[in-house]
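Next come the chains, spelled out residue by residue.
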Amino acid sequence: MTKRNILISIAIVALIALAAVPFVYAQGFHRHHTEANGFMGGMMFFGHFQRAKAELGLSDAQVEQLKAIAQTVHDQNAPYRQQLHAGMQQIAQALLANPNDTAAAQALIDQQTTAERAMKMNVLAGAAKAINVLTPDQRAKVSQFIADRAARTQR
């Protein structure tokens, strides 16, 4: 095996590991806050439900519906999170076992991509359900919050 192939293999493994770190870290952060504080993650832009309740004027029934939706999405994505975590190790092991077998590593990456897409689709469906819980006025407030946040991040 040439030096170039070794360097390419190492670069691929490093790139995969680096790409996975934020995702894995975010899942751990989300899980910790879901269990500890009722945090809804990416589906609620306001963080804690109590703050969202105050900002949007949510009723107790709406908060309970949103919590149920968040829990459903969390439960649906649990096996995918495990698959993603284990998959990175499998990719590294496959390349370490045979650095020339990039097809096996690519197949594992394709599985990872499929799992990530499934998770995103679950979050999308959950977000749609969550938005349906909101009144038109509450939706307008969320829309304004998103616009304000986008303006702050573009500075």
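Here's the deal with the overall build of the chain
Regarding its fold elements, the chain presents five helices and zero strands. Written out in order from the N terminus, the α and β elements of the chain read α-α-α-α-α. If you take every contact in the chain between residues at least 6 apart in sequence, the share linking residues at least 24 apart comes to 66%. As displayed, the chain offers around 10000 Å² of accessible surface, 59% of which is attributable to carbon and sulfur atoms.

Description of the environment of Phe-49
Examined against the element boundaries, Phe-49 turns out to sit in helix 2 (residues 49-56). Residues Phe-49 and Val-63, 14 residues apart in the sequence, show an inter-C-alpha distance of 6.8 Å.

With respect to helix 4 (residues 102-133)
Spanning 32 residues, helix 4 covers 46 Å between terminal C-alpha atoms, matching the ideal 46 Å at 1.5 Å per step. If you check which residues of helix 4 are buried, you get Ala-105, Leu-108, Gln-112, Ala-115, Met-119, Asn-122, Gly-126, Ala-130 and Val-133.

Notes on the confidence of the model for the chain
Averaged over the chain, the pLDDT score is 77; the fraction of residues at 70 or greater is 69%. Of all the helices and strands in the chain, helix 1 (residues 3-37) carries the lowest mean pLDDT, 50, while helix 4 carries the highest, 92. In this model residues 17-46 is a low-confidence stretch, pLDDT under 50, and it forms 46 contacts with partners more than four residues away in sequence or in other chains.

A look at the packing of helix 3 (residues 60-97) against helix 4
Interaxial distance between helix 3 and helix 4 falls to 9 Å at its minimum, and their mutual angle equals 175 degrees. Relative to helix 4, the element helix 3 lies roughly antiparallel.

Topic: the environment of Asp-60
By secondary structure assignment, the location of Asp-60 is in helix 3. A relative accessible area of 51% means that Asp-60 is categorised as exposed. Separated by ten residues in the primary sequence, Asp-60 and Gln-50 have C-alpha atoms spaced 9.9 Å apart.

Thresholds applied
- Residues numbered from 1 in each chain as written.
- Predicted model: local features only at pLDDT ≥ 70, side-chain atom pairs only at ≥ 80, totals over all residues.
- Heavy atoms only, no water.
- Helix = DSSP H or I, 4+ residues; strand = E, 2+ residues; numbered from the N terminus.
- Contact = heavy atoms within 4.5 Å.
- Areas by Shrake-Rupley, 256 points an atom, 1.4 Å probe, with all protein chains shown as cover.
- Expected span 1.5 Å × (residues − 1).
- Buried < 20%, exposed > 50% of the residue type's maximum accessible area, 1.4 Å probe, protein only.
- pLDDT = per-residue confidence, 0-100.
- Axes fitted to C-alpha atoms, helices over the stretch in contact; angles between N-to-C directions.
- Parallel < 35°, antiparallel > 145°, perpendicular 65-115°, else oblique.

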